[in-house]
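These are the residues of each chain, in order.
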Amino acid sequence: TFVVTDNCIACKYTDCVSVCPVDCFYEGENMLVIDPEECIDCGVCEPECPADAIRADTEEGMEPWIAFNEKYAKIWPVITEAKDPLPEADDMDGQANKLETHFS
Ligand code: SF4
Ligand code: F3S
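Within an unreviewed UniProt entry, the label attached to the protein reads Ferredoxin, and the organism entered is Tritonibacter horizontis. UniProt lists a comment for the protein under the heading Function (unreviewed entry), and it reads "Ferredoxins are iron-sulfur proteins that transfer electrons in a wide variety of metabolic reactions."

K.L.:
Can you help me understand the overall build of the protein in this one?
P.N.:
Of the regular secondary structure elements, the protein holds 4 helices and 4 strands. Along its sequence from the N terminus, the protein presents helices and strands in the succession β-α-β-β-β-α-α-α. Against the compact-globule benchmark of 13 Å for 104 residues, the protein has a radius of gyration of 12 Å, which places it among compact chains.

K.L.:
It is not clear to me how the nonpolar core should be interpreted in this structure. Could you clarify?
P.N.:
Inside soluble globular proteins, nonpolar side chains tend to come together where they are buried. Val-4, Cys-8, Cys-16, Phe-25, Leu-32 and Ile-34 are the most contacted members of the largest nonpolar core, which has 27 residues in total. Only strand 1 (2-4), helix 1 (15-19), strand 2 (25-27), strand 3 (32-34) and helix 2 (63-73) provide two or more residues apiece to this core. Beyond its immediate chain neighbours, meaning those up to four positions away, Cys-16 contacts Phe-25, Leu-32, Cys-45, Glu-48, Cys-49 and Ile-54.

K.L.:
How should the site of ligand 1 be read in this particular structure?
P.N.:
Every one of the 13 residues lining ligand 1 counts as a neighbour, but Phe-2, Cys-20, Cys-39, Cys-42 and Cys-45 are closest to it. A per-class count over the shell around ligand 1 returns 11 nonpolar, 1 polar and 1 charged.

K.L.:
I'm lost on the environment of Ala-67 in this one. Help?
P.N.:
Inspection of the secondary structure assignment puts Ala-67 in helix 2. Residues Ala-67 and Pro-36, 31 residues apart in the sequence, show an inter-C-alpha distance of 9.8 Å.

K.L.:
How should the site of ligand 2 be read in this particular structure?
P.N.:
Not every one of the 13 residues close to ligand 2 is listed here, only the nearest: Cys-8, Tyr-13, Cys-16, Cys-49 and Ala-51. For the shell around ligand 2, the per-class residue count stands at 10 nonpolar, 1 polar and 2 charged.

Procedures and definitions
Residues numbered from 1 in each chain as written. Chains lettered and ligands numbered in written order. Predicted model: local features only at pLDDT ≥ 70, side-chain atom pairs only at ≥ 80, totals over all residues. UniProt positions renumbered as here; feature names shortened; annotations may be inferred. Helix = DSSP H or I, 4+ residues; strand = E, 2+ residues; numbered from the N terminus. Rg over C-alpha atoms; globule rule 2.2 N^0.38 Å. Core = buried A, V, L, I, M, F, W, Y, C linked by C-beta atoms within 7 Å. Buried ≥ 20, exposed ≤ 12 C-beta atoms within 10 Å, placed from the backbone. Contact = placed C-beta atoms within 7 Å. Near = placed C-beta within 6 Å. Nonpolar A, V, L, I, M, F, W, Y, C, P; charged D, E, K, R; others polar.

In structure tokens, the structure reads:
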């Protein structure tokens, strides 16, 4: 499966939502996550993210993000249509420690 990681936070470009064939993205205030039970592992979302925030869960160091996506996909509402990015998206793209500053 694929997971959304740190650099989505405070950007939320939502290009990923437009291409997902099974609508398995879920939306929080600051970022999206993928429901691992619904993702069919097609991989089409990964190159679409302008912030390069989507990763295969087989990549090294993904364990915290696998747990994060699993947890919040059960809590947040589904998002099925792309929308405008967050206003600060271009400035926040690439910033460090977004998880600590937005989820603590
Ligand atoms: Fe959707 Fe495919 Fe991305 Fe999974 S890998 S979230 S099914 S677009
Ligand atoms: Fe986030 Fe990238 Fe989608 S920034 S909303 S994972 S296109």
